[in-house]
Amino acid sequence: MDYFEIEGKNQLFGDITVSGAKNAVLPLMAASILNDKPLTISNVPKLSDSITMGNLIEEMGGKVSFDHSNITINPKNLNTPYAPKDFSQTILRFDDSLAI
């Protein structure tokens, strides 16, 4: 684990807000469709990938709302069991070096 070691006479104090990570949010958004109740994810960075993932879930029948740094996903009426190609290609990028 990394840490900061501070030498000196002045004491540090205060609060900081750690920004959310896109790489954590996208899997949480995908997992939210496994539930039948609304799920709110907080501290979400407003990036094109999280917006695209929200649009993808809505295209599949879910309801997604963005409120500041929170995303609420209601998958109750999800009715399409697949991701339309045009949406999924904007998030999932295929790396030819991984092809078998």
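See the structure above.
Residues numbered from 1 in each chain as written. Predicted model: local features only at pLDDT ≥ 70, side-chain atom pairs only at ≥ 80, totals over all residues. Heavy atoms only, no water.

Between the first and last C-alpha of helix α2 (residues 48-59) there are 16 Å, a value that for 12 residues agrees with the 16 Å anticipated at 1.5 Å per step. Listed in full, the buried residues belonging to α2 are Asp49, Ser50, Thr52, Met53, Gly54, Leu56 and Ile57. Following α2 by one or two positions, Gly61 has its phi on the positive side, about 110°. (Helix = DSSP H or I, 4+ residues; strand = E, 2+ residues; numbered from the N terminus. Expected span 1.5 Å × (residues − 1). Buried < 20%, exposed > 50% of the residue type's maximum accessible area, 1.4 Å probe, protein only.)

Another point: unusual backbone geometry. Phi is mostly negative for residues that are not glycine, and the peptide bonds are mostly trans. Non-glycine residue Asn43 carries a positive phi angle of around 60°. Tracing the chain through its elements places Asn43 in the loop between β1 (39-41) and α2. Judged by relative accessible area, which is 33%, Asn43 ranks as partly exposed. Its identity is not glycine, yet His68 carries a phi of approximately 55°, on the positive side. Considering the arrangement of structural elements, one finds His68 in the loop between β2 (63-67) and β3 (70-74).

Attention shifts here to the environment of Met60. Inspection of the secondary structure puts Met60 in the loop between α2 and β2. Owing to a relative accessible area of 9%, Met60 belongs among the buried residues under this scheme. Separated by 22 residues in the primary sequence, Met60 and Tyr82 have C-alpha atoms spaced 7.4 Å apart.

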